[in-house]
Amino acid sequence: MPRPLRIFLLVIVAILGSLSVQSQETTGKDTSITNINADLLNIFNQKNPKRYKVANVKVLGNRFFDENLLISIANINPGDEVTIPGGDNFSKAINKLWAQKYFSNVEIFITRLEGKNIDIEIAVTERPRLSRFFFKGVRKGETEDLSGKTGLVPNRVVTEDMKISAVEAIRKFYGDKGYRDTRVRIVERRDSVMENTLALDFVIDKGPKVKINSINFGGNTIDDAKLKKQLKDTKEKSRLTLFPTQDKGQIVVPKNYKFEDYLKERGFLSFSKTKKVLDPYVRIKLSSAKFDQNKFFDDKSKILDYYNSLGFRDAVIEQDTVYSTSRGNINIDVKLNEGRKYYFGDISWRGNTKYNDSLLTSVLGIRRGDIYNMEILNKKLGRGGGPESGDISGLYQDDGYLFFRVEPIETAVYNDTIDFELRIIEGPQATIKNIRITGNDRTKEYVIRRELRTVPGEKFRRTDLVRSQREIAQLNYFDQEKIKIEPVPNPDDGTVDINYGVVEKSSDQLELSAGWGGFIGLTGTLGVSFNNFSLRNIWKKTAWDPLPMGDGQKLSLRLQSNGKAFRSYNFSFTEPWLGGKKRNALTFSVYNTRFGQTFDPVTGVFNQNIADQRYLSTTGATASLSRQLKWPDDYFSLSTGLNYTRYKLKNYAIDPTNLPGFDNGIVNNLNLRIALQRSSVDFPTFPRSGSNFMLSLALTPPYSLFNKNINKDQPYQWIEYHKWRFNGEWFIPFGRPHGEERNKQLVMRLAAKFGFLGRYSYNNPASPFERFQVGDAGLSNQFALLGFDIIAHRGYPVYDNSDPTINPDRQFASQYFTIFNKYTMEMRYPLSLNPSSTIFVLGFFEAANGWYSMKEYNPFRLRRSAGLGMRFFLPMFGLLGFDYGIGLDRIRPGGALKDAARFTFMLGFEPE
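What you see is a predicted model; the values in this text were computed from it and never measured. (Residues numbered from 1 in each chain as written. Predicted model: local features only at pLDDT ≥ 70, side-chain atom pairs only at ≥ 80, totals over all residues. Heavy atoms only, no water.)

1. Structural notes on the overall build of the protein chain
Keep this limit in mind: Starting at the N terminus, helices and strands are each numbered in turn, a helix being any DSSP run of H or I of at least four residues and a strand any DSSP run of E of at least two. Between buried and exposed lies partly exposed: a residue is buried under 20% and exposed over 50% of the maximum accessible area for its type, with that area taken using a 1.4 Å probe on protein chains only. Should any heavy atoms of two residues lie within 4.5 Å, those residues are counted as being in contact. Only the protein chains shown count as cover for residues, and the accessible areas themselves come from Shrake-Rupley with a 1.4 Å probe.
Each helix and strand in the protein chain was counted, giving 15 helices and 41 strands. Every one of the 912 residues in the protein chain was classed for burial, and the buried ones make up 43%. Taking the intrachain contacts of the protein chain between residues at least 6 apart in sequence as the baseline, contacts between residues at least 24 apart amount to 61%. Put simply, the protein chain shows about 48600 Å² of open surface, and 54% of that area lies on carbon and sulfur atoms.

The structure is reproduced here in structure tokens:
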């Protein structure tokens, strides 16, 4: 009970008496003062209650609270009438103030009586306020976590509720970590820094971490291991690895243990009871397993869901018991009643006019005798299934029946069989009325609308929603995890409004570096890529915030310099919807690269000044047009591009082995490139489903067929070749989790790649340009020396032979391949799909090789590798990634594994 509440009648008898005595001879007013004192004394002793009027109210003792506020809470105001004795005004006022929990004592005094008027004084004693708080007996990192979870704030009034809430928060914090017996003691200290303040010390004893020793099931016919697998957040100590014990021989067991119990608790599974000895390889390493009561409650429902999926729809958990062991851990016993196992019986349809029974039964895919599973039935009917589940609801909604409903009704239950009647209400076909888009703060609305497959006035189709979501995600302007599509049916007029919600994210990229290196001088790179640019607003001053954005165009610029040894300029621009009516993408790019040799073979030293005398300069331009196809389906696109590249050599030997003496001149490469591509992946940064295919052909005019002497004066004055490339990759998800579980989906990526460089005439050698370099990290051919394609092969250096057993460490190949094959399998798992940092880990197996001619081509003679890697997609920098690969064909008998391993690093793009 709180401190007693008292109503005091303050009569300062002694003071007034002395004053009256002292003033008898001087003032002559002693009689009136004595009468006032007597009235104050008798006000509560009078037999008949009288009503008095409150003349003044005053509050004493308040430091932090406003006087008028406290008077308002007490509800005693000047002008109020109170009854004395017998009235409850004063007791109610004290209770109201006490209920605020801010005061340790509340008193009310009557300080003056004049006729029927009284003055009231409310005296309060404020509770101490919190000055500081400390957590004793815990780590620094835990202290920071507890500060936020306890809700303690300095300068707030210290109440019992505050202390209780803080203790409960501390116990919950450690309880979630497996410390079920955490004890908390509060030590209060008067703080000398401020008056009427307390410092609180929370002395915490976490106690031992409580682990789940074993989980035992009773009454079940399903294997215990399968049931334990359903407990997602309640795990017993897992037995991980088998290792040799050092405790071989005689064992000393404490007196309070049985021999076998003592050993089993320590992981020994094989021993001799009679000889009391251990077998050599018998001890199992244990891992921790904390217990959370709330998660265990959720896990029990997962067990019942699992039973229901097996046909045991009457399964119940009759009892579960959690009890401590002698070692301080806990055991969990779960008693089950499985009930009967049921099967589907006859399934009939009612109310269907659009589709006949046989078609609906075929789509449903459930036959008589199948194990009863209500979850599968609902999923097949489209009641809670995913948008791509191929269900009955999807069949109707893809033909406009948005108002379609189906209800499964049990018509008979006999023995272990259940018959169903599926009652359908087809409803009218819905027409799309309004399309609304929200959340596009930077991107123009028409950029999103042109990607949508849902058009006002057309019939509603659910597959159009799925496709629209994919197309919005492929723009890469929005957080792919937060794209929301909400159909809003209007049953009155048979229409539907569709609301699209997006969240903008940054898709631009920046590359910036600078340095100063000895005789080289200034080096650096500046690269910018704007993936949602607006060219038409470039001259509008108000659009530069910080850049004109929102029209979906792509603009990139990259400058790189390494003194006189190397410099490069690149510029490209893409309009994805040329003309604004169809998905016709126009791309234009120009580039110039110059690489100078700074090593002087005469003096044997590096000299920047000779870079102007020995160099290779590459200048080129490309224009291409890509358009979406309607056949075979609209995932296909066809692109056509014209490219011209000019190589200028000055005292620079590009291929001393095959082209001795060719170190001066100009080489021209004019080619036409045609590419057929199909892309159906769902998301660009972390695809979970779909595929990518690309077949391309780049060919030059067959100059030698028209003029055999065209390259007579200079080798390769006009390059001729035909170059074929094929890339294919598939993304296969494991399972179909929904909601937050999608962030935990494991995805397999399978890829196959092929390249071939051919010639028009066998009388001429294959072009040294446009070949394939295979091996290493696959970083870009930044020097653009010969225009070769770089094919990455993790775990191997760059190689220039077709023998998998020969792999000398090198950074550059002496010559490049005309044919290559590459096969990849990856298992990917996302750690974060946040648009500010998409992160996933992967394991891979890879095989690749290259050949110089079709005669030596052997698609089964490959270099193999395996390893692990990680990818980071950051908005401003694009892709960051690394792999640790082991070249399996580099492992030598008796050699160390590290000698066959390589780290590879990638920046900006995924290598081929």
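2. A short note on the confidence of the model for the protein chain
As a reminder of what qualifies: pLDDT measures how confident the predictor is about each residue, on a scale from 0 to 100.
Looking at the protein chain, pLDDT values average 82 and 83% of them are 70 or higher. Counting interchain partners and residues more than four positions distant, the pLDDT-below-50 stretch residues 1-36 has 44 contacts. Contacts of residues 239-250 to residues separated by more than four positions or lying in other chains number 35 contacts, the stretch itself having pLDDT below 50.

3. A look at the packing of aromatic side chains
Heads up, the condition is: Stacked, tilted and edge-to-face are the three classes assigned to paired rings of Phe, Tyr and Trp, where Trp is represented by its six-membered ring and a pair needs centres within 6.5 Å; plane angles under 30 degrees give stacked, over 60 edge-to-face, the rest tilted. By definition here, charges over rings are those cases where NZ of Lys or CZ of Arg is within 6 Å of the ring centre and within 35 degrees of the ring normal.
Throughout the structure, instances matching the rule amount to 28 aromatic pairs. With a centroid separation of 6.3 Å and an interplanar angle of 10°, the aromatic rings of Tyr372 and Phe420 are classed as stacked. With Tyr372 in the loop between helix H10 (357-364) and helix H11 (374-381) and Phe420 in strand S18 (residues 417-425), the pair connects residues that are 48 residues apart, well separated along the chain. The residues Tyr372 and Phe420 share a single accessibility class, namely buried. Ring geometry for Tyr799 and Phe817: centres 6.1 Å apart, planes at 55°, overall tilted. With a gap of 18 residues between them, Tyr799 in the loop between strand S36 (789-791) and strand S37 (819-834) and Phe817 in the loop between S36 and S37 connect regions that are remote in the sequence. The same class applies to Tyr799 and to Phe817, which are both buried. Of the aromatic side chains, those joined through ring pairs into one cluster are Tyr355, Tyr396, Tyr401 and Phe404. A cation over an aromatic ring shows up here: Lys206 above the ring of Tyr179, its NZ or CZ 5.1 Å from the ring centre.

4. Topic: the sheet that holds strand S16 (residues 343-350)
Using the following cut-off: Strands are labelled as partners when DSSP assigns at least two bridges between them. To get an axis, fit a line to the C-alpha atoms, keeping to the stretch in contact for a helix; angles then go from 0 to 180 degrees between the N-to-C directions.
Taking strand neighbours across the sheet as the criterion, the 3 strands line up as S16-S18-S17 in an open arrangement whose pairing is mixed. Only two strands of the sheet have a single neighbouring strand rather than two, namely S16 and strand S17 (405-414). Averaged over all adjacent pairs, the angle separating strand axes in this sheet is 25°, with direction ignored. Across the sheet, H10 touches S16 and S18, and the angle it forms with S16 is around 140°. Its contacts with the sheet put H11 on S16, S17 and S18, and the angle it makes with S17 is roughly 150°.

5. Some words on a nonpolar patch on the surface
Operational definition: Exposure above 30% relative accessible area and no salt bridge define the residues that can form patches, which grow by joining like charges within 9 Å and nonpolar side chains of Val, Leu, Ile, Met, Phe, Trp and Tyr within 5 Å. The working definition used for a salt bridge is a side-chain nitrogen of Lys or Arg within 4 Å of a carboxyl oxygen of Asp or Glu.
Among the surface-exposed residues, Leu510, Leu512, Leu526, Leu557, Leu559, Tyr569, Phe571, Phe588 and Val590 lie close enough to one another that they form a single nonpolar patch of about 750 Å² accessible area. Elements with a contribution of two residues or more to the nonpolar patch: strand S22 (509-517), strand S24 (553-562), strand S25 (566-575) and strand S26 (584-596). Among the secondary structure elements, Leu512 is positioned in strand S22. Of the residues examined, Leu512 reaches a relative accessible area of 63% and is grouped as exposed.

6. Some points on the pattern of salt bridges
Oppositely charged side chains may form a pair once their charged atoms are brought near each other. Tallied over the full model, the rule gives 52 salt bridges. Of the charged contacts in the structure, one is a salt bridge between Lys228 and Glu236, with a shortest N-O distance of 2.9 Å. The partner of Arg794 in a salt bridge is Glu826, with the nearest N and O atoms 3.0 Å apart. Residue Arg794 is located in the loop between S36 and S37, and its partner Glu826 is located in strand S37; the two are separated by 32 residues in the primary sequence. Judged by relative accessible area, which is 8%, Arg794 ranks as buried. Overall, Glu826 belongs to the buried group, its relative accessible area being 1%. Through salt bridges that share partners, Glu729, Arg749, Arg794, Lys822, Glu826, Arg828, Glu846, Arg871 and Asp883 make up one connected network.

7. What to know about a positive patch on the surface
In plain terms, the rule: Positive charges come from Lys and Arg, negative ones from Asp and Glu, while His and the chain ends are left out of the count. Note that the charge is assigned to NZ on lysines, CZ on arginines, CG on aspartates and CD on glutamates.
Taken together, the side chains of Lys149, Lys177, Lys209, Lys290 and Lys295 define a basic patch exposed on the protein surface. In this structure, Lys149 sits in helix H5 (residues 140-149). Classification of Lys149 by relative accessible area gives exposed; the value is 52%.

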